[in-house]
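Below are the chains, spelled out letter by letter.
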Amino acid sequence: MRPGLNWKSLLVLASLALLPALVGIAAGEPSQSSGAPVARAADGSYISWREHIIDDLAVGGVALAGSDGLEMADLDKDGHLDIVSVHESDTTYDGVPDGHVRIAYGSDDPDAWDLYTLAEGEEAGAAEDVAIGDMNGDGYPDVVVACELAHLIYFENPGAKGRAARWERVIPVSTRDRGSYIRVFLADFDDDGRPEVVAANKGGQNPPRGTTETHPVSWFALPDDPLDGDAWVEHELARVVVPINSQPFDLDGDGDLDVIGGSRMERRIFWFENVSDDAIAFVEHRIEIEPEAVVTGFNMDFADLSGDGRVDVAIRDERNGLSWLEQPADPAGTWRQHTIGGLAPDRLVGFVLTDINGDGRLDAFAGAYSQDPRDFDATEIAPSHRAGRLAWFEHPGNPAGTWIRHDVSRRVRGMFDMFIVRDMDGDGDVDLIGTRGNSVPYDGVFWLEQVRTPEPRPAFHQAREKESRQLPLP
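Quick caveat, the model's predicted, so the values are computed rather than measured.

What counts as what
- Residues numbered from 1 in each chain as written.
- Predicted model: local features only at pLDDT ≥ 70, side-chain atom pairs only at ≥ 80, totals over all residues.
- Heavy atoms only, no water.
- Salt bridge = Lys/Arg side-chain N within 4 Å of Asp/Glu carboxyl O.
- Helix = DSSP H or I, 4+ residues; strand = E, 2+ residues; numbered from the N terminus.
- Contact = heavy atoms within 4.5 Å.
- Pairing = 2+ DSSP bridges.
- Axes fitted to C-alpha atoms, helices over the stretch in contact; angles between N-to-C directions.
- Phe/Tyr/Trp six-rings, centres within 6.5 Å; stacked < 30°, edge-to-face > 60°.
- Buried < 20%, exposed > 50% of the residue type's maximum accessible area, 1.4 Å probe, protein only.
- Lys NZ or Arg CZ within 6 Å of the ring centre and 35° of its normal.

## Quick word on the pattern of salt bridges
1) Next: Using the criterion set out here, one finds 29 salt bridges in the structure.
2) Next: We note a salt bridge from E123 to R169, for which the minimum N-O separation is 2.7 Å. With E123 in the loop between β5 (114-120) and β6 (127-133) and R169 in strand β9 (residues 168-170), this residue pair connects regions lying 46 residues apart in the sequence.
3) Next: The partner of R411 in a salt bridge is E467, and the shortest N-O contact between them spans 3.2 Å. Of this pair, R411 sits in strand β26 (residues 404-411) while E467 sits in the segment after β30 (460-461); the two residues are 56 residues apart in sequence, bridging distant segments of the chain.

Here it is as structure tokens:
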């Protein structure tokens, strides 16, 4: 016992230590994970999260389902960032080409959005991913969407009148009825000021286990007028079994954009080194990982976590949850895997690296996929049930050390594919924008406000009065 402490003092200290958890339990909301310290910012304040709804059935009047990718840009150049989001619009893989592409036009108020449907039905068939950039050179950001059933589709921004005018569109002939586009990105590979399109095609919305059929990771050269759907030219980078990603990033630090890809069925990742000179060209490299990892590369993020000047890769390992791969001096060498953390029994999928607590180090915010059913809460929940979960992992100082998990929310249903980092309310800390699926009628777009207070609060304040019910931590 320390000098000056008697049993009464110890009892008071113990009560204070339990206060944050008791606050969360009393409010009927999840507290921090068992045994983990309460989340605090670098200035000593306590961190909690408040949910805000941007677009869903109740707010927008559109029956969104299977919400997936989203991106942000100032589409009409009014000084406010807008959101383009995509929604598969089904609760089962029924093979029916249906979907929604939505725009939320921003304003001075992060809770005030003008909502529009850019596309729906067959032309947005199982819309899965979206990229935004000026593709025709007129100064306004255009939109390209990857549809799992079964094409890419380009939307030309009409400019400042975009809220009132129809966006002209085309499904490029070279992508029509091509199986299942799962990801799409824009990247200027030859530094000519005009982007190319890069996309992975997994072949089918739900490829059978054990398939050996290969499908392409490709980039597309755009014509001067991208609405000329006959003139998009496809260049295959590689063919693999169920390609699942094709993310542009300067992995080797030589100033041009490479492409990092993954194969879901082969459970490996690889990269295409940009060696363009007079023409765009790539050289494929396998990424060897030690210890052996089970990775597909569906989601990745990039940062120099080791501090050695080389870009490392954050990725989900099928066995260990979220991890990061330390790039060797020669990227053709062996990449060393370090664990960040997992959300078992829940299935961690979406994540992003960002400094949440303001200490100058990158933390990781993550979300998990719930299992079926997707349109109602199961009444009987087994201990092994995969739930919809949000959590973040605090950087421990040494990135190879033990990251500290802070749980935010755990609901029966939720699917969190992607997060965008943005200070939505202008208070100087990190907020997050994301999509939620597997949760009809609660699918859609939301943002999480980081709240800092001098006293601890429940970890999560939900936006809706009626919701998929909260579950305790396993």
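## Quick look at the environment of Y93
1) Next: Tracing the backbone shows Y93 in the loop between β3 (82-87) and β4 (100-105).
2) Next: Each C-alpha atom, one on Y93 and one on H338, is 35 Å from the other, the two residues being 245 residues apart in sequence.
3) Next: Look past the residues within four positions of Y93 in its chain and what remains in contact with it is E88, Q205 and N206.

## A few points about the sheet that holds β3
1) Next: Taken in spatial order, the four strands line up as β2-β3-β4-β5 in an open sheet, and their pairing is antiparallel. The open sheet terminates on both sides in strands that have one partner only, identified here as β2 (67-73) and β5. Strand-to-strand, the axes of this sheet are offset by a mean angle of 20 degrees, without reference to chain direction.

## Here we look at the packing of aromatic side chains
Any pair of aromatic rings gets described here by the distance separating the centres and the angle formed by the planes.
1) Next: Tallied over the entire structure, the rule returns nine aromatic pairs.
2) Next: Seen from their ring centres, W49 and F365 are 5.4 Å apart, and the 65 degrees between their planes marks the pair as edge-to-face. In this pair, W49 is assigned in strand β1 (residues 46-55) and F365 in strand β24 (residues 363-369), connecting sequence segments 316 residues apart. Taken as a pair, W49 and F365 share a single burial class, namely buried.
3) Next: For the pair F270 and F272, a centre-to-centre distance of 5.6 Å together with 75 degrees between the ring planes defines the contact as edge-to-face.
4) Next: Pairwise contacts between aromatic rings join W49, F365 and F419 into one cluster.
5) Next: Positioned above the aromatic ring of F298 is the side chain of R183, whose terminal nitrogen or guanidinium carbon lies 5.5 Å from the ring centre.

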